[in-house]
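In case you want the letters, here they are:
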Amino acid sequence: MAEEDAPGQYAFTVGIQVGNVDVLTTTQDITVTQDTFTPSPTPGTTTGTAKLMNAGAVYPGSAAVFQLTVTVPAGAVLDLKLEDLPSGEVTPARAIIEDPGLCAGFDSFQLNDLGSVQSFGVITNVDTASPTTVLVQLALKVDGTAASDGQLSMTVKLDGVGYSLEAAYTSLPDVGSLKGVGSTLGFDTFNTGFEAGIKSEIVIPPTMIGSDLTFEVFPDLDVTAFDLKICRLEVEKVGSGLPCIAKNINDPSLSKSSETRVFDDYGKIELGTTCPAAISSQDSDTTLIISLIYQLPIQDTITDATDITINGGLYVKNSSLWVTSHTVPTSTAAITALESWSPGFTITKPYIGVRKQEMKVDMNSPFYWRYVLKTNPKTRGKVEFELETPKGISICRIKVLKIGRNMACAQKPEGYADKYVQTKLEYTERYEAAAQTATLTFDGLTNFGESEMQPNLYADDDSIEVGVFFRFSAPVGTGAIGAEMTGADKKVAIMQDSGNTKPTNTEGGLDFSWVSVGEGAIDEMFLTAPKIVAISIAVSSGYYLPSVKIRFTDKDFSKKISFCGVHVTKQGLNVPCMNILKLPTFPTDANLVEVDDLGNTINHKEIYLDLDVCHYQMSNNPEENKFQVELTFKATSAAVADDVVTIEADMNGGEVTKEIAVTMVADEPSFVTVDNTTYATVEENTTEILAGPGDKVWVSFDILMPRATIPLEIAAMTPSVDGKAIMTIEGIRFGESGTNICCTGSTVDPNVIYKTERQRTENTTSFMAMDSIIMDMGFVTNGGYTFRRGWNTEDDDKFRVEVQIQMSDHPLTVDATKFAVRLAANSGEVISVGSREVTVSRVTPAKRWEGERPVISMTMNLTEPGKVFNRGDKIDITANIYHQDISKGEGKVDHDTYVRMILPVWLDYVYTEDTCVTNYTYPDSTDNKCQERNNSWGRPDFLFPNGINFPDVISINFSVTVDKYDRLGVGRGDVPSMAVSYLICTPAMFGDWPEEGNEENCGPYEGVKIVVASPECYDPITINTCGVSASSAMDETTMPANVLLDDDSFWAPAVRTGAGWKHVLNFFFQRKTRLNRIEIQPADSAKARMPSGMSLMVSSDGVSWKTVALTGTIPGTMTLEKAEETKYAMITFEDDLTGDKESLPIGVKSVKMFGCPREDTEAECGQDSTRLSTDSKFYRHIGYDPFMEIFYFCDVNPYKDGLYCYTNQAGTSKFVELPKYVNYIKGYSPSAKSMYFSDKSGATIATKDGIRMMLMPSTFDFDDIVDVVEPTPVPGLGKDMPAVELAGGYKADFYGVEYNGQKVITWSSCCTP
């Protein structure tokens, strides 16, 4: 069933009108169903009579016309069929229903080919109470060879009832004259986009028999540079006395009058051979009325006030019998408001009517309204019909159902359309919940009607009938939908929200089947052409699901195909609110994608389309419950002939799953078109494109594809002058594409799907300046998706190719100069070429220094990063030279651009030994060696004779030699060095920069870090005696400075027992010194023990220390695994606990260090920090307060720095630590009954009870006390040292302190009795 026959689209209106005022109107919908009414006819129930209608004579070759008056009984059903038609002397010409009476059910009211169809159909007298009369007119052509005079006597049956037909004929008299009149149709100016026409009324004399007539129309040829299009060539009326013409009407052939014409402008109607009948003396019985209408489509070449003549004429055997012409001047003036051309029709105001199918609907439910738009006869103008919906009501679909006959050139927005079609249908925010508009535009609409417009819902010849599907997408309560039409009153209609939400309903579900699309077998695809497969999805009645996920899968993830897109097509009337514009999505799961080495996605296993599917019962045709989803894919480079790819389709996560196996075929597709009429066309536009030097911009070209599969190769080129490209080509991509072109569009990467190659032509000699690109697309298919949706505009058949160019700094690229980028589309037989101009945009000359400078970098890397290089090594460096993104200038091609190297004196480019190679080429270059020279600083320059242009990425590999000329010196260790480069060029001169011939720094300084090892130094290091200290010294004969003396003396620390004691030698070199080795010699074994091991720490400031790894043993030489540059060294000796550790100290006779100084200036030595065990201020000592019987002692701590002091009440085992600010004991004064101490700051403090401390005033002088009893030192001299006795019963020795013979202190675990 055709879409126009859907229920609710037609309404029957009855009205009573007085003048122009409707007194009463009523409208009733006519419901169209799929049920076929099959009546049961009863033959022979009718009666009737026959009579000859010819008032004049009948001649051989003319027609005898009979009228059969048939009486049909009340309610009778019959097959109104002619039988036993006469032959021989006559030939049946035509039969028509002159008056149907009250009968209905006619299949046809005119039978032209009575040899094959003889029935008007099974009819019914709908009046069940009374008979009715049907008048049938039968025309019989008399044989032209009949005798001059004679009598015709024949019978014919109608409904099985016989009728006698009688007629006399006589010889043909002289042929009468043909006459006619032509009248113009339309306005007196032929405006762009509008129409002009002629109505021809031709009277054919009854005696003009046996003439083969044609009516032909044509404009004057080759008069203008623009063309006309014929819209209508129509026989409006044929008199009843022209039966043989009447049987041939309204089958015109339209064509182009020449191959150069854009439109069909020639028309012809084959009217047949005449057999007129002299029914009466009235001309109207033999009058032929033919109208023709031409349109002046919008064209760029139309000129104003140009006379155009259109012609129409009656011909017999190519000889004109009668011709009429109409000359009308063109006008390029726009017509926006409706205007009238006839004084008798002054009313121009159009009419809008609306018929609502529903009054109230649920949210998410579609609803349908029918609009009738009418214009007044003999008016023209640009007509826009706009619908406006509030937020919450979306416009799903607009369909023009019917265009009245009087709008001769108006076209529906459906089928195929080229760029000249003047009908547009545009939506804003379609399918969204936001407020929406939809606009139906007829750029040139003329009503050629004759009768007054009737403002009602009847879709007559003055009307355009529009069906609109809406949908409640959000609750709105009451929604006002406005309809506006040019010149008409706004029509506002209300739709009520029921307050309910349409529930999800999946009962009946969805099902689909694979269907074939286009040419070629459904299970085969060609390696070089896109493939379209489709599923037709049937939606069950009442189905509603807001999210139906459709998934297509390369089941085995073969990676032999690449998905291009998914499109919804063939949308049935019963699924009107589906978003057919929805774009597909791809998976992001790593398991479902294929990536290249750079991590770019190049393939997907699946592709998805999510749709809101809602069934709406508009038609009973099951086909209207369906919509089609089409998948397009293309073979990848991995595919070969006979590969089989399995495509799986499923819905809603596998609710329905079906698959199809597609086999790859290597042959050229049989449906490919290669000729000079079917080709791709490159279209140009004049949108300005600006680019300054260094700027990259995309230059777009639209390519119009024919509705076919064609071979296609795209090539683009930019201009070059004097061997340098004005612009270079950097890339290619697809822009936003017309829907129909397979495997194009912004989501498709042409560099993955197709073969693209940038090339350098012979026009340019620049290194990497590519001035052309070729993209071999194989075979490209216009998929025709929007045609299958119903409306295929020309824009749908285009795809956009965007070529990225970069403007060079060529001397000719002066500001505001234009240069063309050309693109060609090769379709095999035809090459279409288009060009786009790019305008140079430069800064002002005064700003060039800061705004258009070259910024060329050379980044360098070592082939052996992290390596420390030695004298004589070759260091290989790889480098890349390129323009930074901010670079806006280049070096001139007729001047060298070069790299200048800055190297430390110990790195050399030795011209006879070091090498430099590059990928850079230039005219006359014969190898890959760098051009090099030694500059005035004795350092290398690498030359690039043809300049370094924006696109150039130059690789250069070169070597340098370490310390070829012995300039590094020794003992510097690992010397951090830097090889630095920068670019020098001569930019093109614009304005006043640069000065003619001046070289400029053309890039930043770039460097690579190189670490070079200088030869090690092993000289004895001179250490001053003031630079040696130790953790302790046993006595004044075993001081740390002894290790520097060449005698028998040695250093020995105090002898201590217990854990945690560290014996340390500190060395201060007084300047930065490179240390490599240490030699340790032991003291006389009779006097001291040799340490069992040692560790080394170094420091540059004496605060932060670093442990150094050593190799070797002591006594002997210890070598640093890595030389250290330091000012301080700390050697920690490990005590040998296995020897006589209580009697003998550890002893070191000598320490020798080897390396070399790294600074010349020596720093001053600091104070010696060695704790001499015999010195009571720095080492262990004791004191006694006899008055309070308190014992005091201070001792060093192996874990803490400094002395710590304690008290003990005689006769107890309790020890109390004195405050930490106490430094050492100064002595006891019997007269003051106080013990005196020095604090950390050097002040004197005193206590009488060992608890409360008193700070003595600054005027106090301890030396003034005459009765001081000084503390007694307890040195670390070994177990054989003499005991120290104090008053009060205290005695101290090597092991500890006794009180009255009882041990109260053990030095190895201080303060424990």
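Residues numbered from 1 in each chain as written. Predicted model: local features only at pLDDT ≥ 70, side-chain atom pairs only at ≥ 80, totals over all residues. Heavy atoms only, no water.

Comments concerning the overall build of the protein chain
Scanning the protein chain from N- to C-terminus turns up four helices and 91 strands. In terms of overall dimensions, the protein chain is more spread out than a globule: its C-alpha atoms have a radius of gyration of 56 Å, far above the 34 Å expected for 1313 residues. Relative to its 1313 residues, the protein chain shows a buried fraction of 51%. A separation of at least 24 residues holds for 73% of the contacts in the protein chain among residues at least 6 apart in sequence. Summed over its atoms, the accessible surface of the protein chain is roughly 56900 Å², and 48% of this surface lies on carbon and sulfur atoms. (Helix = DSSP H or I, 4+ residues; strand = E, 2+ residues; numbered from the N terminus. Rg over C-alpha atoms; globule rule 2.2 N^0.38 Å. Buried < 20%, exposed > 50% of the residue type's maximum accessible area, 1.4 Å probe, protein only. Contact = heavy atoms within 4.5 Å. Areas by Shrake-Rupley, 256 points an atom, 1.4 Å probe, with all protein chains shown as cover.)

Here's the deal with the state of the cysteines
A full pass over the atoms with the stated rule returns nine disulfides. Between the sulfur atoms of Cys1026 and its disulfide mate Cys1165 the distance is 1.8 Å. On the S-S bond that ties Cys1026 to Cys1165, the torsion sits near 45°, and the link is right-handed. Placement of the pair is Cys1026 in the loop between strand 71 (1019-1020) and strand 72 (1028-1030) and Cys1165 in the loop between strand 78 (1148-1157) and strand 79 (1181-1185), with a sequence separation of 139 residues. A relative accessible area of 42% means that Cys1026 is categorised as partly exposed. The partner cysteine of Cys1194 in its disulfide is Cys1205, sulfur to sulfur 1.9 Å. Taking the torsion about the sulfur-sulfur bond, which here is approximately 105°, the covalent link between Cys1194 and Cys1205 counts as right-handed. Remark: Cys1205 occurs in strand 81 (residues 1200-1209) and Cys1194 occurs in strand 80 (residues 1190-1197); sequence separation between them is 11 residues. In this pair, the class of Cys1194 matches that of Cys1205, namely buried. In this structure Cys614 is not part of a disulfide, and its nearest cysteine sulfur, from Cys577, lies 7.0 Å away. Judged by relative accessible area, Cys614 falls into the buried class, the value being 4%. (Disulfide = S-S within 2.5 Å.)

Side note on a negative patch on the surface
Together, Asp1046, Asp1047, Asp1048 and Asp1084 make up a negatively charged patch on the protein surface. Mapped onto the secondary structure, Asp1048 falls in the loop between strand 72 and strand 73 (1063-1082). (Patch = residues over 30% accessible without salt bridge, like charges linked within 9 Å, V, L, I, M, F, W, Y side chains within 5 Å. Salt bridge = Lys/Arg side-chain N within 4 Å of Asp/Glu carboxyl O. Lys, Arg positive; Asp, Glu negative; His and termini not counted. Charge placed at Lys NZ, Arg CZ, Asp CG, Glu CD.)

Comments concerning the sheet that holds strand 28 (residues 393-403)
Pairing is antiparallel in the open sheet, where four strands are placed in the order 24-26-32-28. Edge strands, defined here as strands with exactly one partner in the open sheet, are strand 24 (351-356) and strand 28. On average, each strand axis in the sheet is inclined to that of its neighbour by 20°, with strand direction left out of account. Across six bridges, strand 24 lies against strand 26 (residues 366-374) in antiparallel orientation. Bridge pairing in strand 26 places Gly353 opposite Val372. (Pairing = 2+ DSSP bridges. Axes fitted to C-alpha atoms, helices over the stretch in contact; angles between N-to-C directions.)

Focus: empty space enclosed by the protein
Following the criterion strictly, the structure yields six cavities of 30 Å³ or more and no others. Its boundaries defined by the atoms lining it, the largest cavity holds a volume of some 100 Å³. Gln295, Cys409, Gln411, Val421 and Gln422 are the residues nearest the centre of the largest cavity, which is lined by 15 residues in total. The biggest single contributor to the lining of the largest cavity is strand 31 (residues 436-447), with three residues. Each residue belonging to the lining of the largest cavity can be placed in one class, and the counts come to seven nonpolar, five polar and three charged. (1 Å grid on protein atoms, 1.4 Å probe; cavity = no way out; pocket = protein on both sides within 12 Å on 5 of 7 lines; lining within 4 Å. Points joined across faces, edges and corners; volume = space filled by probe spheres on them. Nonpolar A, V, L, I, M, F, W, Y, C, P; charged D, E, K, R; others polar.)

A short note on the environment of Phe586
Here Phe586 shows up in the loop between strand 39 (561-569) and strand 40 (593-595). Residues Phe586 and His604 lie 18 residues apart in sequence; the distance between their C-alpha atoms is 7.0 Å.

Structural notes on the pattern of salt bridges
Taken as a whole and assessed by the stated rule, the structure comprises 60 salt bridges. Put simply, Arg758 and Glu730 hold a salt bridge, and the shortest N to O gap is 3.8 Å. Residue Arg758 is located in strand 53 (residues 755-759), and its partner Glu730 is located in strand 52 (residues 727-734); the two are separated by 28 residues in the primary sequence. Of the residues examined, Arg758 reaches a relative accessible area of 34% and is grouped as partly exposed. In this structure Glu730 comes out as buried when scored by relative accessible area, which is 18%. One network of salt bridges, in which partners are shared, links Lys199, Glu234, Glu236, Lys378, Arg405 and Glu450.

A few points about unusual backbone geometry
A cis amide bond links Ile1114 to the next residue, Pro1115, at an omega of -5°. With a phi close to 55°, Asp84 is a non-glycine residue in the positive phi region. In this structure, Lys559 takes a positive phi of about 60° despite not being glycine.

Some points on the sheet that holds strand 37 (residues 531-539)
The strand order across the open sheet built from four strands is 35-37-43-39, with neighbouring strands paired in antiparallel fashion. Strands at the two margins of the open sheet, each flanked by one partner only, are strand 35 (510-515) and strand 39. Put simply, the sheet's adjacent strands are angled 25° from each other on average, direction ignored. Looking at chain direction, strand 35 and strand 37 are connected through six bridges and run antiparallel. Pairing of Val515 across the sheet is with Ala534, part of strand 37.

Notes on the pairing of strand 81
Consecutive residues of a regular strand have side chains that alternate between opposite faces of the sheet. Summarising burial for strand 81: seven of the 10 residues are buried, a large majority. As defined by bridge partners, strand 80 adjoins strand 81 across eight bridges and the pair is classed as antiparallel. Within the sheet, the bridge partner assigned to Phe1191 lies in strand 81 and is Asn1208. Between the antiparallel neighbours strand 80 and strand 81 lie two residues. Note that strand 81 and strand 82 (residues 1215-1217) share three bridges and pair antiparallel. Looking at the pairing, Thr1207 lines up with Val1216 of strand 82. Between strand 81 and strand 82, which follow one another and run antiparallel, lie five residues, and Gly1211 among them has a positive phi close to 85°.

Details of the environment of Gln118
Of note, Gln118 is situated in the loop between strand 8 (110-111) and strand 9 (119-125). The partly exposed category is assigned to Gln118, whose relative accessible area is 26%. With residues up to four places along the chain from it excluded, the contact list for Gln118 reads Leu80, Lys81, Leu82, Leu85 and Leu111. Looking at Gln118, its side chain comes within polar contact range of the main-chain oxygen of Leu114, at 3.1 Å. (Polar contact = N/O pair within 3.5 Å; in protein donor to acceptor, adjacent residues only side chain to side chain.)

Note that every value here comes from positions in space, so none of it alone points to a role or purpose.
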